[in-house]
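What follows is the residue order along each chain.
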Amino acid sequence: MMTERATTFTKSVLSQPWGLWALQARRVVRIELRRNLFSWKAAWIYFLAFTPTAIIFIHLLFDRHRAISLTEDTNVLAGIVQFYYVRLGVFFGCLGIFARLIRGEMIERSLHFYLLAPLRREVLLLGKFVAGSISALLLFCSAIGADFALMYAGFGPAGRDYVFDGPGLGQLQAYLVIVALACLGYGAVFLLLSMIFRNPTPAAMLVLGWEAINPVLPSLLQKISVASYLRHLMPITVPGEGIFALLTVETEPVAGWVAVLGLVTLIVVVLAYSCFRIRRLEIRYTTE
């Protein structure tokens, strides 16, 4: 009996039009990428991503870079990733990108064109998620790479030795993984919120508050958070001062692969529920 059910399930999976769905998803991704990256509405997201880059560039031009200050600049870069990108820049950037994918099209009264097409809603949702993820990754990972290069460019041979013969490249790899996972995690959450709420911004502020107090919550509740997993991947932890001290509460250490697997699991669960929600999504433009 179990063998027959497994055979039936396998045949059902293989009989699906995967090629057609992949083609449709690529078309959706192409359309959404143009909207996300080449629109004046995305200008403020570029600002969020590259503001630290501009500040570091000014630091490169006008400040002296002695070898003794290399450790200080390394800690500054770690603080930028830990406090700005993970907590603010990527958070609000993904809110702007992903909340617009569904709710923005409802407001612009254009989503029904997708829904009337011979296109599975799950394919539409995943295509939009992939497009939003690519947009966020291109912007914020490029910004991290530029920040890293500019931070050590002024140190000359000492900077090159630190990057290529020291821990520099390993730290850069960790920062890129952290920012990439942050984009995917926050993106999945905000895509879901854009289907649940007419205005996802108040809900996003609640998520921001949850992320802020998460380090002091019980360990079980900490797993329902994006930043809680990313905290364990930081190659350098900078102690916070004042209100930022709440964001650096010491928690039980977790292996890097466990943190990555936990966050990926959270993303998959959120996306699976989003696919369930979009099948029951109804548009009433008179109430939007």
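Our subject is the structure listed above.
Residues numbered from 1 in each chain as written. Predicted model: local features only at pLDDT ≥ 70, side-chain atom pairs only at ≥ 80, totals over all residues. Heavy atoms only, no water.

Undergrad: Explain the packing of helix α2 (residues 18-37) against helix α4 (residues 70-107) here, please?
TA: Relative placement of two packed helices is described by the angle separating their axes and the distance separating the axes. Contact geometry of α2 with α4 gives a least axis separation of 11 Å together with a crossing angle of 115°. If you check the angle between α2 and α4, you find them roughly perpendicular. You can see that α2 and α4 cross each other, and the crossing is right-handed. Mapping the contact onto sequence places E32, R35 and N36 in α2 and I97, R100, L101 and E105 in α4. (Axes fitted to C-alpha atoms, helices over the stretch in contact; angles between N-to-C directions. Helix = DSSP H or I, 4+ residues; strand = E, 2+ residues; numbered from the N terminus. Parallel < 35°, antiparallel > 145°, perpendicular 65-115°, else oblique. Left-handed = near helix turned anticlockwise from the far one by under 90°. Contact = heavy atoms within 4.5 Å.)

Undergrad: I would appreciate a short explanation of helix α7 (residues 157-165) in the present structure.
TA: Given 3.6 residues per turn, any residue in an α-helix points the same way as the ones three and four places further on. Taken together, the buried positions of α7 are G159, Y162 and V163. The arc that holds every buried residue of α7, seen down its axis, measures 90°, which confines them to one face. Among the exposed residues of α7, those pointing more than 90 degrees away from its buried face are P157, F164 and D165. Considering only its buried residues, α7 is in contact with α4, α6 (121-153) and α8 (168-196). (Buried < 20%, exposed > 50% of the residue type's maximum accessible area, 1.4 Å probe, protein only. Arc of directions from axis to C-beta.)

Undergrad: How should I be thinking about the packing of aromatic side chains in this particular structure?
TA: Two measures describe an aromatic ring pair: the distance that separates the ring centres and the angle between the ring planes. This structure, assessed with the given rule, holds 11 aromatic pairs. Both rings, one in Y84 and one in Y85, keep their centres 5.1 Å apart while their planes meet at 75°; by these two values the pair is edge-to-face. Judged by relative accessible area, Y84 falls into the partly exposed class, the value being 21%. When its relative accessible area of 0% is taken as the criterion, Y85 is described as buried. A network of ring pairs unites the aromatic residues F91, F92, Y186 and F190 as a single cluster. (Phe/Tyr/Trp six-rings, centres within 6.5 Å; stacked < 30°, edge-to-face > 60°.)

Undergrad: I tried to follow α4 on my own but got confused; where do I start?
TA: Remark: the principal bend of α4, roughly 60°, maps to R100. Within α4, 28 of the 38 residues are buried, which leaves the element mostly enclosed by the surrounding structure. Looking one or two places after α4, you find R109, whose phi comes out positive at around 55°. (Bend = angle between axes of the 7 residues up to and from the residue.)

Undergrad: So what exactly am I meant to see when it comes to the packing of α7 against α8 here?
TA: Two elements in contact, α7 and α8, have axes separated by 4 Å at closest approach and are oriented at 65°. The angle between α7 and α8 places the two elements in the roughly perpendicular class. On α8, the residues touching Y162, V163 and F164 of α7 are G168, L169 and Q171.

Undergrad: Got a minute to help me understand the nonpolar core in this structure?
TA: Side chains that are nonpolar tend, in soluble globular proteins, to be buried together. By size, the foremost hydrophobic cluster in this structure holds 81 residues, and its most contacted members are V90, F98, F140, Y152, Y186, F190 and L230. For this core, the element with the most residues is α4, which contributes 18 residues. Sequence-distant contacts of Y152, that is, excluding residues within four places in its chain, are made with L70, T74, L77, G159, Y162, V163 and Q171. (Core = buried A, V, L, I, M, F, W, Y, C linked by side-chain atoms within 4.5 Å.)

Undergrad: What should I look at first to understand the pattern of salt bridges in this one?
TA: Side-chain pairs of opposite charge can arise whenever the charged atoms involved come near each other. Within the structure shown, the criterion is met by 7 salt bridges. The residue E32 makes a salt bridge to K128 at a minimum N-O spacing of 2.9 Å. Taken together, the residues E32 in helix α2 and K128 in helix α6 connect sequence positions 96 residues apart. Residue E32 is classed as buried on the basis of its relative accessible area of 1%. In this structure, E105 and K128 form a salt bridge, with 2.6 Å as the shortest nitrogen-oxygen distance. Here the residue E105 occupies a position in helix α4, and K128 occupies one in helix α6, the gap between them amounting to 23 residues. Assigned by exposure class, E105 and K128 land together as buried. Here the salt bridges do not stand alone but share partners, grouping E32, R35, E105 and K128 into one network. (Salt bridge = Lys/Arg side-chain N within 4 Å of Asp/Glu carboxyl O.)

Undergrad: Is there a simple way to think about empty space enclosed by the protein in this case?
TA: Which parts of space are left empty comes out when a probe the size of a water molecule is rolled across the atoms. For the structure shown, the criterion picks out 1 cavity of 30 Å³ or more. Approximately 40 Å³ is the volume found for the largest cavity. What lines the largest cavity is E32, R35, R100, L101, G104, E105 and E108. Broken down by secondary-structure element, the contributors of at least two residues to the lining of the largest cavity are α2 and α4. The leading source of residues in the lining of the largest cavity is α4, at 4 residues. Considered class by class, the residues forming the lining of the largest cavity number 1 nonpolar, 1 polar and 5 charged. (1 Å grid on protein atoms, 1.4 Å probe; cavity = no way out; pocket = protein on both sides within 12 Å on 5 of 7 lines; lining within 4 Å. Points joined across faces, edges and corners; volume = space filled by probe spheres on them. Nonpolar A, V, L, I, M, F, W, Y, C, P; charged D, E, K, R; others polar.)

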